[in-house]
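# An overview of the molecular structure
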Amino acid sequence: MAKDPKKNKREAVPSERPVRVLLVEDEDSFVEALSVGLAHEGFEVTVARDGAEAIEVFEGADPDLILLDLMLPKLSGLDVCRHVRARSNVPIIMVTAKGEEIDAVVALEVGADDYVVKPYRLRELVARMRAVMRRTPASTPEDSLGETAELGGIRLEPDTRRAFVRGDEVHLRRKEFELLRLLMENPGRVLTRDVLIDRVWGSDYVGDTKTLDVHIKRLRAQVEQVPKTPVLITTIRGVGYRFDGA
Ligand code: CA
């Protein structure tokens, strides 16, 4: 995956106005429940009922976030995602049904920021929406420098690049530190191998595909209580890794 310089140009939503959400969904029950639920949470919701309408509405609505159902009439969620991502860095959360997890991975690869699986609870969805919005302005390394991350017994101090595991300092190499930081910034979320490699190594990645796994293995040796049965850094076979320390 090529490094995308546009990613660093996302801007935070001004705090004085509600966050605008484009909800792309063809099932009436979801449209109704989400319109009410999200409005209650303070979001301003615009609805598109199919993929073609989504693209049409997107141009005029200028949303701050898109909730994008995968299975849609006319154009699939993946096609909409590709179309939008070619033009904008607006955060996109893909909504899938059970059994569509493979497509969700493809969605991440074509530029979605996260995905949720139906049925989900509104609270979970809103938490993910807020997380994606938070990541948006902080996606440049300069912005997040100095922010201490603490999760699952691990504490990272980015400005000094010091790491503490259950109170004890551990020495992490630069890429190990960046990898752990990226995982910890996205707790509970699967990060694909491509995303991890792209964000941690970018064009520096010259090794074979095992380089990532070697780094994960070394990280686990430092942060897991039992490295052979990891509970903090989970492998999602064939996809990537997830931080489960939340
Ligand atoms: Ca659908």
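In this report, the structure presented in the accompanying data block is examined.

What counts, and where the lines are drawn
Residues numbered from 1 in each chain as written. Predicted model: local features only at pLDDT ≥ 70, side-chain atom pairs only at ≥ 80, totals over all residues. Heavy atoms only, no water. Pairing = 2+ DSSP bridges. Helix = DSSP H or I, 4+ residues; strand = E, 2+ residues; numbered from the N terminus. Axes fitted to C-alpha atoms, helices over the stretch in contact; angles between N-to-C directions. Contact = heavy atoms within 4.5 Å. Buried < 20%, exposed > 50% of the residue type's maximum accessible area, 1.4 Å probe, protein only.

It is worth spelling out the sheet that holds strand 10 (residues 190–192) at this point. Read from one edge to the other, the open sheet built from three strands follows the order 10-12-11, with strand pairing classed as antiparallel. Each edge of the sheet is formed by a strand with only one pairing partner; in this case those strands are strand 10 and strand 11 (233–236). Taken pair by pair, the neighbouring strands of this sheet meet at an average axis angle of 30 degrees, ignoring direction. Inspection of the sheet shows strand 11 paired to strand 12 (residues 240–243) by four bridges, in the antiparallel sense. Paired with Thr234 across the two strands is Arg242, which belongs to strand 12. Those strands touched by helix 9 (residues 210–223) are strand 11 and strand 12, and its axis lies near 150 degrees from that of strand 11.

Each neighbour pair has its own omega, and for Lys118 with Pro119 the value is -5 degrees, a cis peptide bond. Phi at Lys74 is positive, roughly 75 degrees, even though this residue is not glycine. Looking at where Lys74 falls in the secondary structure, it is placed in the loop between strand 3 (65–69) and helix 3 (77–85). One non-glycine residue, Arg161, lies in the positive phi region at around 55 degrees. Position of Arg161 among the secondary structure elements: in the loop between strand 7 (154–157) and strand 8 (162–165). A residue is classified by how much of its surface remains accessible, and Arg161, at 32% relative accessible area, is partly exposed.

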